[in-house]
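# Working through the structure, step by step
Take a look at the letters that make up each chain.
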Amino acid sequence: MHMGLINRYHQWLGLPELEPVTLGEGNTPMVHWATWESHRIWLKLEGCNPTGSFKDRGMTVAVSQARCQGAEAVICASTGNTAASAAAYAGRAGLKAFVVIPNNQVALGKMIQASAYGATILAIEGNFDQALQAVRDVAEQESWIALVNSVNPWRLRGQETGAYEILDGLGHAPSALVLPVGNAGNISAYFHGFRRRNEGIPQLFGIQAQGADPLVQEHELDEVKTVASAIRIGRPASAHLAKEAVKESRGQFRSVSDSQILRAQEELAHGGIFVEPASAAAYAGLKVLYQKRLLPQGDVVAILTGNGLKDTQTPAMWASVEPQIVKSQYLTESIGQFMNP
Ligand SMILES: *Cc1c(COP(=O)(O)O)cnc(C)c1O
C-alpha cells in the first residue's frame, strides 16, 4: 500500500495537522547500476513518481498546505514538470491550476500532461525567470491563489523526503550525491533533508548544462540554451541555498555539454533506464567526476529526476523511430541478420 509521503514521513516532516493531498508519490526505486572501482553507483529513479518527476514530493505538501489554508487555486511558473505536478495535485485537491510557461520552451509531453490534468496553460514571451517573476507578483497580490514553485518552503520540505529514502534504503548516508540543478531547489532540499536526519551528509555535486550554468559561471545569465529544457534557467531562485549546500558538503558545481547529455541519455536507456535530458545531465556529470577522480569512495547516488517519455523529441536525435520493414514470412531470416550483421 502506498500511503504517500506526508503520512510516511510524518515524524520527520513535522508539518501542522492537515488532510494530505496525495497520489502515492515517493518510495521510488534506487537501482544498483554498477561498481566502478571503489564506488558503488546507485540511481534513484524519480521518474517513477505519479506525474513522472520528483516535483511530486514537494507538490503533495505544497498543495495540501494551500488547500488547508483555503486557497482556491494554485499557480506556478514552469519548465514543464512543475506544471504537470501542480496540475495533477490541484486536480486531486479540487483546486484550479494556472501554469505559466516560456512559450515554445516546454517539452510536448509535459504540456499534454498539464492540460490533461485540467490546468490552464498560459505562455509568456520570455524565459522561465521572467515567468517566475510574473507569478510571484500575482501570488503576492491575490491571497486566494497559492504559489507552488520551489520558492514555496513547503515544496522544499516535501523534497527532503528524497534524502530520507536514501538513508532508509542504504542504512547510512552515501558519500556523494549527484543531481541536476536548474532553479536549485532540489539540491537545497536534499541538503536540509540530510542535515535534519543527522546521519551524515554526502558531498553534493550539482550538475548544470553548459549554456545554462549560472552556478558554475558564478553569475546570473540572461540568455540560456540547452537541450535539457527542465534546467534551462539563468537565475536560480534558490542559488543562495544551493551554494551553501555545496560549500558545506565540500562538493562542487560542474557543467556538461549537450552532447555529453545526449550520450548519457543513450547509455542509460540502453541499460534499461529512460530518463529525460536534465536527468541524463546528472549521469553525464557523474561520469566526468569519476574520470577526473573527484568522487569519494563508497556509495554514490545520482538522482534521475524525470521520465524519458516526457520529452520524446530529444532522444529522437540519437534513437531512430523508423522501424525496420520486413516481410512476415522471412521474419526468422531478418532477425538472424540483426543478430549477425
Ligand atoms: C525541476 C527539475 C530539475 C531541476 O530541479 P531544481 O530544483 O529546479 O534545481 C531537474 N530535472 C528535472 C527533470 C526537473 O523537472
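Residues numbered from 1 in each chain as written. Predicted model: local features only at pLDDT ≥ 70, side-chain atom pairs only at ≥ 80, totals over all residues. Heavy atoms only, no water.

### Quick notes on the pairing of strand β8 (residues 203–209)
Extensive coverage of β8 is indicated by the burial of 7 of its 7 residues. Here β8 shows no split at all, with Q203, F205, I207 and A209 on one side and L204, G206 and Q208 on the other all buried. Here 5 bridges tie strand β7 (residues 176–180) to β8, and the two strands are oriented parallel to one another. From the neighbouring strand, A176 faces β8, where its bridge partner is Q203. Sheet topology places β8 next to strand β9 (residues 252–256); 5 bridges connect them, and they run parallel. Note that in β9 the partner of I207 across the bridge is R254. (Buried < 20%, exposed > 50% of the residue type's maximum accessible area, 1.4 Å probe, protein only. Helix = DSSP H or I, 4+ residues; strand = E, 2+ residues; numbered from the N terminus. Pairing = 2+ DSSP bridges.)

### Side note on the sheet that holds strand β3 (residues 73–77)
Taken in spatial order, the 4 strands make up an open sheet running β5-β4-β3-β6, and their pairing is parallel. Taken across any chain shown, the strands that pair with only one partner, and hence form the sheet edges, are β5 (120–124) and β6 (145–147). Direction aside, neighbouring strands of the sheet carry axes that sit 25 degrees apart on average. Two strands pair when backbone bridges link them, and β3 and β6 are joined in this way by 3 bridges, in the parallel orientation. What sits directly across from A73, in β6, is I145. Strands in contact with helix α4 (residues 81–93) are β3 and β4 (96–102); relative to β3, the strand with the most contacts, it is inclined by about 175 degrees. The sheet strands contacting helix α6 (residues 128–141) are β3, β4, β5 and β6, and the helix crosses β3 at an angle near 155 degrees. (Axes fitted to C-alpha atoms, helices over the stretch in contact; angles between N-to-C directions. Contact = heavy atoms within 4.5 Å.)

### Some points on the pairing of strand β1 (residues 30–36)
Each regular strand displays side chains that alternate between the two surfaces of the sheet. In the sheet, β1 pairs with strand β2 (residues 39–45) via 6 bridges, with the strands oriented antiparallel. Note that in β2 the partner of M30 across the bridge is K44. Between the antiparallel neighbours β1 and β2 lie 2 residues, among them E37 with a positive phi of about 50 degrees.

### Considering the packing of aromatic side chains
Tallied over the entire structure, the rule returns 6 aromatic pairs. Between the aromatic rings of Y9 and Y164, the centroid separation amounts to 5.2 Å while the plane-to-plane angle is 65 degrees, which identifies the pairing as edge-to-face. Taken together, the residues span a long stretch of sequence, with Y9 in the loop between α1 (5–8) and α2 (10–13) and Y164 in helix α8 (residues 161–170) at a distance of 155 residues. With centroids separated by 5.9 Å and ring planes inclined at 85 degrees, the aromatic side chains of W33 and Y283 adopt a geometry described as edge-to-face. One end of the pair, W33, is in strand β1; the other, Y283, is in helix α13 (residues 277–291), and 250 residues separate them in sequence. A relative accessible area of 22% places W33 in the partly exposed class. The exposure class assigned to Y283 is buried, which follows from its relative accessible area of 0%. These aromatic residues form a ring-pair network of at least three members: W33, W36, Y283 and Y290. (Phe/Tyr/Trp six-rings, centres within 6.5 Å; stacked < 30°, edge-to-face > 60°.)

### Things to note about the side chain of N127
As for its placement among the helices and strands, N127 is situated in the loop between β5 and α6. A polar contact is formed between the side chain of N127 and the backbone nitrogen of D129, at a distance of 3.2 Å. At 3.3 Å, the side chain of N127 forms a polar contact with the backbone oxygen of D222. Filtering out sequence-adjacent residues up to four positions away, N127 remains in contact with P102 and D222. (Polar contact = N/O pair within 3.5 Å; in protein donor to acceptor, adjacent residues only side chain to side chain.)

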